[in-house]
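A look at the structure
Below, each chain spelled out in residue letters.
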Amino acid sequence: MNIDYKFFIIGSAHHHLYYLIPYIEATENRECCLIDSPSKYTEVVRREFQGINFRSYRHDDENLVRYLNQSDFLICANAYVLFEKRIKAKISESVVFVCVTHGVLGKFTDKGYIASWLLGDIVVFNGKKDLDLVYHTFGYSVGERLYGRSLFLEMADGRRIQVILSGNLRVQDYLKKRPRPRSFVGKFSAFNPGWKTILYIPTYSYNPSRTDSTFSSIPFFVKMLKEGAVPDKYNYIIKLHPNMILEKRLFDELVSALKNSNLRFFLDIFGSNYLPYMDFCDLMITDRTSAFYDFLYFDKPVIFLDHNGKCPEKIDFEDIANTYWSYQCGPVVSERNISRLREIIEEVLENDSYKEIREKVKEYVFFDGVTPQDVLVEMLKHPKFKKGNLH
């Protein structure tokens, strides 16, 4: 049976593409559609993923609609406004729309954001936490909550949405193809090989659809650099979110502060595969970015920055709608204890006392033991898919 799974991203959404790659590689055609992709970005992905057949279209190209309408399943890793407003209405109703989440839900926990992942026919979540957040957001009682690798949700608007739990296929794909240890060490020629390496991964703050644009810890990190609070006897990898290209002023401030410091650092903004950096480092400093959850697979200590001073002193494991829920997995640095950063780093490197809670979080967040092929086959159970629809 020839089933046509088609995948797409819009713009230079490299960080979305990484979550689709395991599925694309599990299909016969190994194709992905790039919509409104800059030519330079198209070159980048074709060079990086040489085994994938990339097709490039403008969003208003009739050939794009013709191509997408050949799908049995149309799969993306983000709720794109452009797709919803300009393209979706032109796609046949027989096509099954699938959203694969690009990371664990947690930074944004408002109803509008959670609902955006439920616009299609199928949503692929990482595990139980994502599903519980949906139940919490939409007021499902305990008795109404279903669990399993694949299930159907009855929505208030009458739709039935299939939910498939996949585990973290992105990290598992990386670990399966894992490069030789420190094979990319050439990038870090300025590093002192005798020093520990700290990875700093912040999220971005640019947030046009919401009033709160203070999710990123970068301004706080810049402040720490200027005050000399960041210890200089470590190597630093600074991995920025690709959307930082939208925040030139903040980016320039960070670069200036880094250059004026005594840190030995490597700065990466355009690459999105931060997993090799997680593999290489000894410790991560971060904020509310979902990248933290990928870091759980490397079983290393993490320090969180409470740059807004809003993190609760105590976070209950059951409080999954708390945007700071991940912060229970490591010590928290804020304005109150900024002078102790050096000491805190030394403490967690010497005595990693958060291993148990990190493992508990990982088991709850990820439903592992599933392959990309398992997920693709599970999609065939959706009632919109009928063998007679096969193209």
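Definitions and limits used
Residues numbered from 1 in each chain as written. Predicted model: local features only at pLDDT ≥ 70, side-chain atom pairs only at ≥ 80, totals over all residues. Heavy atoms only, no water. Patch = residues over 30% accessible without salt bridge, like charges linked within 9 Å, V, L, I, M, F, W, Y side chains within 5 Å. Areas by Shrake-Rupley, 256 points an atom, 1.4 Å probe, with all protein chains shown as cover. Salt bridge = Lys/Arg side-chain N within 4 Å of Asp/Glu carboxyl O. Helix = DSSP H or I, 4+ residues; strand = E, 2+ residues; numbered from the N terminus. Core = buried A, V, L, I, M, F, W, Y, C linked by side-chain atoms within 4.5 Å. Buried < 20%, exposed > 50% of the residue type's maximum accessible area, 1.4 Å probe, protein only. Contact = heavy atoms within 4.5 Å. Axes fitted to C-alpha atoms, helices over the stretch in contact; angles between N-to-C directions. Parallel < 35°, antiparallel > 145°, perpendicular 65-115°, else oblique. Left-handed = near helix turned anticlockwise from the far one by under 90°. Nonpolar A, V, L, I, M, F, W, Y, C, P; charged D, E, K, R; others polar. Arc of directions from axis to C-beta. Pairing = 2+ DSSP bridges. Right-handed = clockwise from strand over helix to strand, strands pointing away. Phe/Tyr/Trp six-rings, centres within 6.5 Å; stacked < 30°, edge-to-face > 60°. Lys NZ or Arg CZ within 6 Å of the ring centre and 35° of its normal.

Regarding a nonpolar patch on the surface
Together, Ile245, Leu246 and Phe270 line one region of the surface with nonpolar side chains, adding up to about 350 Å² of accessible area. Here Ile245 shows up in the loop between strand 10 (235-239) and helix 9 (248-259).

Notes on the nonpolar core
Leu17, Phe73, Ile75, Met278 and Met379 are the most contacted members of the largest nonpolar core, which has 108 residues in total. If one sorts the elements of this core by residue count, helix 1 (residues 14-24) sits on top with 7 residues. In this structure, Met379 is in contact with Tyr5, Phe73, Ile75, Val98, Ile122, Val124, Gln162 and Ile164, ignoring residues within four places of it in sequence. Within the second largest apolar cluster, 32 residues are counted, among which are Phe221, Val222, Met224 and Ala229.

Points about the packing of helix 1 against helix 7 (residues 169-176)
Where helix 1 contacts helix 7, the two axes come as close as 8 Å, and the packing angle between them is 70°. When the axes of helix 1 and helix 7 are compared, the pair comes out roughly perpendicular. Viewed along their axes, helix 1 and helix 7 form a crossing whose handedness is left-handed. The segment helix 1 lies against helix 7, with Tyr18, Tyr19, Ile21, Pro22 and Tyr23 engaging Leu169, Arg170 and Asp173. By residue class, the composition of the contact of helix 1 with helix 7 is 6 nonpolar, no polar and 2 charged.

Quick notes on helix 2 (residues 39-48)
Those residues of helix 2 not exposed but buried are Tyr41, Thr42 and Val45. For helix 2, the angular spread of buried residues about the axis comes to 105°, placing them on one side. Exposed residues on helix 2 whose side chains face more than 90 degrees from its buried face are Ser39, Lys40 and Arg47. Of the surrounding elements, those touching the buried residues of helix 2 are strand 1 (5-10), helix 1, strand 2 (31-35) and strand 3 (53-57).

Considering the sheet that holds strand 11 (residues 264-268)
A sheet is described by the order of its strands in space; here 6 strands give the open sequence 11-10-9-12-13-14, paired in parallel fashion. Of all the strands in the sheet, the pair left with one neighbour each is strand 11 and strand 14 (332-333). Where strand 13 (residues 302-305) lies against strand 14, 2 bridges are found, and the strand directions are parallel. Bridged to Leu305 within strand 14 is Val333. The sheet contacts of helix 9 involve strand 10 and strand 11, and relative to strand 11 the element is tilted by about 160°. This element, helix 12 (residues 341-350), spans strand 9 (197-201), strand 12 (283-286), strand 13 and strand 14 of the sheet and lies at about 140° to strand 12.

Let's talk about the pattern of salt bridges
Going through the model one piece at a time under the given rule, you end up with 22 salt bridges. With its nearest N and O atoms 3.1 Å apart, the salt bridge here joins Arg340 to Glu343. For Glu343, a relative accessible area of 37% gives the class partly exposed. Among the ionic pairs, Asp352 bridges to Arg358, the shortest N-O distance being 2.7 Å. Take Asp352 and Arg358: they sit in the same class, and that class is buried. Counted as one network, the salt bridges with shared partners bring together Asp299, Asp352, Lys355 and Arg358.

Remarks on the environment of His15
Relative to the helices and strands, His15 resides in helix 1. Separated by 135 residues in the primary sequence, His15 and Ser150 have C-alpha atoms spaced 25 Å apart.

Focus: the environment of His102
Relative to the assigned elements, His102 resides in the loop between strand 5 (96-100) and helix 5 (111-116). Judged by its relative accessible area of 18%, His102 falls in the buried class. It is 29 Å that separates the C-alpha atoms of His102 and Val348, two residues lying 246 residues apart in sequence. Excluding its chain neighbours within four sequence positions, the residues that come into contact with His102 are His15, His16, Tyr19, Ala77, Asn78, Trp117 and Ser290.

Details of helix 13 (residues 355-365)
Of the positions making up helix 13, those classed as buried are Arg358, Val361, Lys362, Tyr364 and Val365. Seen from one end, helix 13 has its buried residues packed into an arc of 165°, which puts them on one side. Exposed side chains of helix 13 directed beyond 90 degrees from the buried face belong to Glu356 and Glu363.

Overview of the pairing of strand 3
Bridging between strand 2 and strand 3 involves 5 bridges; their strand directions are parallel. Looking across to strand 3, one finds that Cys32 is bridged to Phe54. Crossover strand 2 to strand 3 through helix 2 is right-handed.

Observations concerning the side chain of Ser326
Here Ser326 shows up in the loop between strand 13 and strand 14. Not counting chain neighbours up to four residues away, the residues in contact with Ser326 comprise Phe292, Tyr293 and Phe304.

What about the packing of aromatic side chains?
Across all of its chains, the model carries 26 aromatic pairs by this definition. What links up through ring pairs into an aromatic cluster is the set Phe188, Phe191, Phe266, Tyr277 and Phe280. In this arrangement the basic side chain of Lys6 is found over the ring face of Tyr67, its NZ or CZ atom lying 4.6 Å from the centre. In this structure, Lys129 packs its charged tip against the face of Trp325, placed 5.1 Å from the ring centre.

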